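Overview (structure and organization)
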Amino acid sequence: MPSLLPNRAPRQLWEQIDTAFAHMQGQEDAGQGLAMKVAAHARQHFREPITLKDTAERFFMSSAYLGRIFQKAVGVPFKQYVNDLRIEEAKRLLRQTDKLIYEIAEETGFAESKYFVARFTAAAGVSPMAGRFLLLSALLAGVPSGAACRKRQRHSGRQQHRTQLFMIIRSFRRLRS
């Protein structure tokens, strides 16, 4: 069966396909770079009210497009990324200061302390007040906090951890009354 295209056409077609893929790869790399700029912007401004819409306007693009490329590059949605930054800062403040919970909520960019408590509890598994005592007791005992501490807790038994947490909370309640 005779070919409808000249002999050179398949090679030119493959060159065009290669060019198209290279162009798409360039756009993907540009999206990755833009997402990293947006992540840097979020790290600098997470203590302020920051939204995807405002950030998209700052970078002169639609919020839907920015949300897609950000999630594709970073792996989490923009709002979750900002909340994660805020929670990490809150953990630092809980460990290093004696500020009240609502003060930490305001300082880390949460408009409502109830929302802060809900986000912190969802992320850390304990309330901010219990988290403060766990972090402080871990520091006093010389136990590293974070992932190493959680790994050690799994191996040593959850019941022991619950008992310690209960005793810390009970002693805190006695101090308050």
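Our subject in this report is the structure included herewith. Think of each chain on its own: its residues are numbered from 1, step by step along the sequence as written. In keeping with the predicted nature of the model, local features appear solely for residues at pLDDT of at least 70, side-chain atom pairs appear and are counted solely at 80 or more, and the whole-chain, interface and lining totals rest on all residues. With hydrogens and water excluded, all non-hydrogen atoms of the structure serve as input to the side-chain values.

What to know about the overall build of the protein chain
Secondary structure assignment for the protein chain yields nine helices and zero strands. In this text, helices come from DSSP runs of H or I with a minimum length of four residues, and strands from runs of E with a minimum of two, each type numbered from the N-terminal end. Written out in order from the N terminus, the α and β elements of the protein chain read α-α-α-α-α-α-α-α-α. Going through the 177 residues of the protein chain one by one, you find that 27% of them count as buried. By definition in these notes, contact holds between two residues if any of their heavy atoms fall within 4.5 Å. Put simply, 57% of the contacts in the protein chain that link residues at least 6 apart link residues at least 24 apart. The Shrake-Rupley method, run with a 1.4 Å probe sphere, supplies the accessible areas, and residue values consider only the shown protein chains as cover. Of the roughly 12600 Å² of accessible surface on the protein chain, a fraction of 56% belongs to carbon and sulfur atoms. Relative accessibility decides the category of a residue: with a 1.4 Å probe and only protein chains considered, values under 20% of the type maximum give buried, values over 50% give exposed, and everything between is partly exposed.

Regarding unusual backbone geometry
Its identity is not glycine, yet Phe60 carries a phi of approximately 60°, on the positive side. Classification of Phe60 as exposed rests on a relative accessible area of 78%.

Some details on helix H3 (residues 63-74)
Take the residue count of a helix, subtract one, and multiply by 1.5 Å to get its expected span. Here H3 contains 12 residues, and its C-alpha end-to-end distance of 16 Å stays within 8% of the 16 Å for a straight helix at 1.5 Å per residue. What H3 keeps buried is the set Leu66, Gly67, Ile69 and Phe70. Taken from the residues just after H3, Gly75 is the one with a positive phi, measuring 100°.

Here's the deal with the environment of Lys99
Position of Lys99 among the secondary structure elements: in the loop between helix H4 (78-96) and helix H5 (101-107). Classification of Lys99 by relative accessible area gives partly exposed; the value is 27%. When near neighbours in sequence (up to four residues on either side) are disregarded, Lys99 contacts Ile104, Glu107 and Arg132. Residues adjacent in sequence count toward polar contacts only when both atoms are side-chain atoms; beyond that, a polar contact is any pair of N or O atoms within 3.5 Å, and within protein one must be able to donate a hydrogen and the other to accept it. In this structure the side chain of Lys99 is engaged in a polar contact, spanning 2.3 Å, whose partner is the side chain of Glu107.

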